[in-house]
Amino acid sequence: YISINKYIIFGLSETKLTLEKTPKPKIINNYHIIWNPTKDNTKSGTALLIHNIFFPHLYKITKHEPHLISAYFQFKPKIKLCISQIYIPYNPSEKMTTHKILINIINSNKAKNIEHIIMGDFNTTPNPILDRLKTTNPPLYQRYITTSKPLQIPIIPYIPNHRNILIQHTPD
């Protein structure tokens with residue numbers, strides 16, 4: 001699916017894979033797979049699949065077991081990008097811990113002028129009217145969205161046959 005649709009980055013949430021059960025090949029069909037396994041197979045686990053075209057720009061991976069994995073890329077001229085795959089658990093205490101980790105990563109990246117894309121399972125309903133439970137808190141995804149002018153990564157136009165990627169620039 002990801003090869004046919006020519007995705008450059010693809011994230012997985014709730015893999016429920018322990019270290020012993022993660023597939024051993026680390027490269028499949030031009031994608032490098034970086035697993036963040038769970039300690040038990042009942043919940044969580046994340047992964048990022050990174051196409052060969054982006055992989056040379058990867059300079060760091062951070063794993064916050066087992067709910068969050070971040071890949072850091074560097075492009076010319078002096079553009080740094082963090083892509084995070086997240087699974088926010090339903091359990092309130094685990095959710096709060098994951099929120100704190102995510103906020104720390106966002107603040108750290110902002111202080112270092114690193115652009116950030118966050119994707120994954122936020123365990124929230126974008127349209128609360130569709131949700132069976134009424135809540136007074138805004139959906140989680142709205143807490144992290146900022147509106148600003150888009151920033152294009154210069155390398156993207158040179159990738160033939162791949163989807164265009166638009167990255168939101170967070171204003172200072």
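Since the structure is predicted, the reported quantities are computational estimates derived from the model, not experimental observations.

(A) Structural detail: the sheet that holds strand 2 (residues 27-28). The strand order across the open sheet formed by 4 strands is 1-4-3-2, and the pairing between neighbours is antiparallel. Looking at strand neighbours, the two that pair on one side only are strand 1 (9-13) and strand 2, the edges of this open sheet. Examined bridge by bridge, strand 3 (residues 31-36) and strand 4 (residues 46-51) share 6 bridges and lie antiparallel to one another. Opposite Asn-36, over in strand 4, you have Thr-46 as the bridge partner.

(B) Expanded view of the sheet that holds strand 6 (residues 68-75). Across the sheet, 4 strands lie side by side as 5-6-7-8; this open sheet has mixed pairing. Edge positions in the sheet fall to strand 5 (58-64) and strand 8 (115-121), since each has one partner strand and no second. For this sheet, the mean angle separating the axes of adjacent strands, direction not counted, is 15 degrees. Here 6 bridges tie strand 5 to strand 6, and the two strands are oriented antiparallel to one another. Within the sheet, the bridge partner assigned to Ile-61 lies in strand 6 and is Ala-71.

(C) Region of interest: the nonpolar core. Formed by 14 residues in total, the largest nonpolar core has its most connected members in Ile-9, Ile-50, Phe-54 and Phe-73. Within the residue set of this core, elements represented by two or more residues are strand 4, strand 6 and strand 7 (79-87). With 4 residues, the single largest contributor to this core is strand 6. Residues Tyr-72, Leu-102, Ile-105 and Ile-114 belong to the second largest nonpolar core, which totals 9 residues.

(D) Looking closely at the packing of aromatic side chains. Throughout the structure, instances matching the rule amount to 7 aromatic pairs. Their ring planes at 55 degrees and their centres at 5.3 Å tell us that Phe-54 and Phe-73 sit as a pair that is tilted. Placement of Phe-54 in the loop between strand 4 and strand 5 and of Phe-73 in strand 6 is noted, with a sequence separation of 19 residues between them. Through a chain of ring-to-ring contacts, the aromatic side chains of Tyr-1, Tyr-7 and Phe-10 assemble into a single cluster. Taking NZ or CZ as reference, Lys-60 lies 4.6 Å from the ring centre of Tyr-72, over its face.

(E) Structural detail: the pairing of strand 7. A large share of strand 7 lies buried, amounting to 8 of its 9 residues. Sheet topology places strand 6 next to strand 7; 8 bridges connect them, and they run antiparallel. Each residue of the ladder has a partner; that of Tyr-72, found in strand 7, is Cys-82. Following strand 6, the chain reverses through 3 residues before pairing antiparallel with strand 7; Lys-78 in that reversal takes a positive phi of roughly 55 degrees.

(F) Molecular detail of unusual backbone geometry. Of note, the amide linkage connecting Lys-76 to Pro-77 takes the cis form, showing an omega dihedral of -5 degrees. Despite not being glycine, Asn-29 shows a phi value in the positive range, around 50 degrees. Inspection of the secondary structure puts Asn-29 in the loop between strand 2 and strand 3. A relative accessible area of 58% means that Asn-29 is categorised as exposed. A positive phi angle, close to 60 degrees, is found at Asn-113, a residue other than glycine. Tracing the backbone shows Asn-113 in the loop between helix 1 (92-111) and strand 8.

(G) A look at the side chain of His-116. Mapped onto the fold, His-116 is located in strand 8. Residue classification places His-116 among the buried positions, given a relative accessible area of 17%. Of note is the side chain of His-116, whose polar atom sits 2.8 Å from the side chain of Ser-84. Of note is the side chain of His-116, whose polar atom sits 2.9 Å from the side chain of Asn-109. Those residues in contact with His-116 that sit more than four places away from it in its chain are Leu-81, Cys-82, Ser-84, Ile-105, Ile-106 and Asn-109.

Reading guide: rules and limits
- Residues numbered from 1 in each chain as written.
- Predicted model: local features only at pLDDT ≥ 70, side-chain atom pairs only at ≥ 80, totals over all residues.
- Heavy atoms only, no water.
- Pairing = 2+ DSSP bridges.
- Helix = DSSP H or I, 4+ residues; strand = E, 2+ residues; numbered from the N terminus.
- Axes fitted to C-alpha atoms, helices over the stretch in contact; angles between N-to-C directions.
- Core = buried A, V, L, I, M, F, W, Y, C linked by side-chain atoms within 4.5 Å.
- Buried < 20%, exposed > 50% of the residue type's maximum accessible area, 1.4 Å probe, protein only.
- Phe/Tyr/Trp six-rings, centres within 6.5 Å; stacked < 30°, edge-to-face > 60°.
- Lys NZ or Arg CZ within 6 Å of the ring centre and 35° of its normal.
- Polar contact = N/O pair within 3.5 Å; in protein donor to acceptor, adjacent residues only side chain to side chain.
- Contact = heavy atoms within 4.5 Å.

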